[in-house]
Amino acid sequence: MKEVISNIIKDVIRKRGLPEVNFSLEPPKNKNFGDLSANCALLLAKAAGRNPREIAAVIAADLSAYDEYFSKVEVAGAGFINLTLNEKIYLGVLDEILSKGGNYGKSDANKGRKANLEWVSANPTGPLHAGHGRQVCLGKAIASLMEWSGYEVTREYYYNDAGNQMNNLAKSVYARYMQLYETDFPFPEDGYHGDYIKDYAKRISEEKGDSLKNSDDLSYFKNFAEKRNFDRIKSTLETLGINHDVFFSETELYKNKDIENLLADFNSKGASRVEDDAVWLIMDRKRFQKDKVIVKSSGEPTYRLPDMAYHINKIKRGYDFIVDIFGSDHGDTYKEVLYGVETAGYKTEGIKVIIHQMVTFRSGNESVRMSKRSDNVYYLDDLIKDVGADATQFFFVMRAANTHLDFDIELAKEQSDKNPVYYLQYAHARISGIFRNAAENFSDEVLRKQFNHALLATPDAIELLKVLSGFPDEVESVAASLEPHKIISYLNQVAESFHKFYHNNRVLNADDIETTVARLRLCEAAGTVLRNGFGIIGISAPERM
RNA sequence: GCGCCCGUAGCUCAGUCGGAUAGAGCAACAGCCUUCUAAGCUGUGGGUCGGACGUUCGAAUCGUCCCGGGCGUACCA
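In this text the structure is predicted, and so the values were computed from the model without any measurement.

Caption draft 1: Representation of the packing of aromatic side chains in the model. As enumerated under the stated definition, the model contains 30 aromatic pairs in all. Their ring planes at 80° and their centres at 4.6 Å tell us that Tyr159 and Phe230 sit as a pair that is edge-to-face. Of this pair, Tyr159 sits in strand E6 (residues 152-159) while Phe230 is found in helix H8 (residues 219-239), placing the two residues 71 residues apart along the sequence. Just as Tyr159 is buried, Phe230 falls in that class too. Considering the side-chain rings of Phe396 and Phe407, the 4.9 Å spacing of their centres and the 50° angle between planes classify their relative orientation as tilted. A residue pair is termed long-range when its members are at least 10 positions apart, and Phe396 in helix H14 (residues 389-397) and Phe407 in strand E15 (residues 405-408) qualify at 11 residues. The same class applies to Phe396 and to Phe407, which are both buried.

The structure is reproduced here in structure tokens:
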């Protein structure tokens, strides 16, 4: 819709012999200024050194001729052109929503393009903790946003199973196992303290007795724990409706020699050097403080080298768009990884990295501590159990990724109007209620009647339609920025205008079938947009509450 | 010290490729249920947009500096 209007304005500008400008066309903050406001005259005036209002007046006069589109065109302020769209445009949008249904809002802007989204990527050293939830839920929403904009999306999970952390995991389980037999057996200093480790040790002891007491090779412990950890991680993800297409293991990159070859490549390019028995990647001092170790003096690569090889692997798989989601604790390291990828001769323009800030949890006024050291960690499972999958998803996606998130567990649990997720869902439940009542009180024949658009010309109905008509533009712009929290702001507008409409416009009325049928269609459209939006951010659309 | 992110109403936050009178939810206050779910609607109060300077017709938005908070600054990931 915006595009159509924008093209009309561009035509008018061209026909007047004025230069092409990249102007903005946005709904003004103040509704009294109309539906859309263009700043083209201000920009043209700047370029031509003329009075903006003069130019605006010329363009506005030409636009007035398009009266099938505009009911009002006026010049305001410093030279804005304010447009009020013809109501017929909006009534036409209703037909579009009804016919497209679950596809209304999808765009083919990226049709035929393949994208890879990598997220979660927690190493299988333990269950996901509540803080992981932000990335988990953000990624879920971003993946569907990308699909709505036309991408074919591969959801991918990368995990480091070759390095130190997995050795620590094995040592930790082994130590807990040994402690079942020798209470003073030492626990590794940087071992994993969670209760789940003790549980694994107990189960191993039950299965194997003390036959593994003098193991030199801890791979049984490692494999046992890794498998259980992954099972639990996957089941947590499943409760949120997340299923990755690819689980990519670091070990793979050793097996297929990608890491070895990359190291040789750096060496042959003179991009790396050896110091203190370690291999260092030579970094550009303008961007980095110092060189970075890629192979430790022990001979083991640091996480950076496999990460670089992994990103090259993804590039080679032929994606048009590669997106990574990391926490802010990786804010510097991803730059090092991309630098390595560039140094190896690959372009990184197609890679976008989303960094999200950390989460703090509180319960009302009490802060909830997330200690990694203690045995009792607040796991993501626990959070989902406490507040439900919908509230979990909603609260994590509600805020922009690059701001700190303050997660109020008490509020998320609240089954009342205080909880922001219910405002949206309630709108949908109300619509479902109307349709339940309609089915009871009216025959199918009546409900399927052709409807008369003109009967929807009340201010609340038109306002609702205006909001609904903005959905495709909204999805497209949010998909371009990959900021799903904006969908929530938009859905709030939908819910608000629906609630208003509902309050002032009785839908079901046996004495006025014509209006009933027309209003039902509008409700159907509102329900469709809510459902589609909920689908993007990943929450359910309840039939009743 | 250096790098990245943040600082907007009492609270949690939108708005940030410069645009008109800075918004929402919660909290506070005043109203609205014999009619499709009041988890709703209507109205009121509430702001030196962390601070200072600068750029310009115009700054919450851009620049510089300062203050405050988070995360980095490993031969951990």
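Anyway, onward from the coordinates.
Caption draft 2: Highlighting helix H11 (residues 304-316). Between its terminal C-alpha atoms H11 stretches 18 Å, which fits the 18 Å expected from 13 residues at 1.5 Å a residue. Burial runs high along H11: 11 of the 13 residues are buried. What H11 keeps buried is the set Arg304, Leu305, Pro306, Asp307, Met308, Ala309, Tyr310, His311, Ile312, Asn313 and Lys314. Just past H11, the residue Gly318 takes up positive phi, approximately 85°.

Caption draft 3: Representation of the environment of Pro301 within the structure. With respect to the helices and strands, the residue Pro301 is situated in the loop between strand E10 (292-295) and H11. Considered as a pair, Pro301 and Gly163 are 138 residues apart in the sequence and their alpha carbons are 8.1 Å apart. Contact partners of Pro301, with chain neighbours within four places excluded, come to Tyr254, Ile259, Ile294, Val295, Lys296 and Pro306.

Caption draft 4: Structural context of the sheet that holds strand E8 (residues 272-275). The 3 strands are arranged E8-E9-E10 in an open sheet whose pairing can be described as antiparallel. At either end of the open sheet lies a strand with only one pairing partner, and these are E8 and E10. Within this sheet the neighbouring strands show an average axis-to-axis angle of 45°, counted without direction. Relative to strand E9 (residues 278-281), E8 runs antiparallel, the two sharing 4 bridges. For Glu275, the partnering residue across the bridge sits in E9 and is Ala278. The strands that helix H10 (residues 258-269) touches are E8, E9 and E10; relative to E10, the one it contacts most, it runs at about 130°. Lying on the sheet, H11 is in contact with E9 and E10; it crosses E10 at an angle near 80°.

So, how was this worked out
Residues numbered from 1 in each chain as written. Chains lettered and ligands numbered in written order. Predicted model: local features only at pLDDT ≥ 70, side-chain atom pairs only at ≥ 80, totals over all residues. Heavy atoms only, no water. Phe/Tyr/Trp six-rings, centres within 6.5 Å; stacked < 30°, edge-to-face > 60°. Helix = DSSP H or I, 4+ residues; strand = E, 2+ residues; numbered from the N terminus. Buried < 20%, exposed > 50% of the residue type's maximum accessible area, 1.4 Å probe, protein only. Expected span 1.5 Å × (residues − 1). Contact = heavy atoms within 4.5 Å. Pairing = 2+ DSSP bridges. Axes fitted to C-alpha atoms, helices over the stretch in contact; angles between N-to-C directions.

All quantities given are derived from atomic positions and should not be read as evidence of function.
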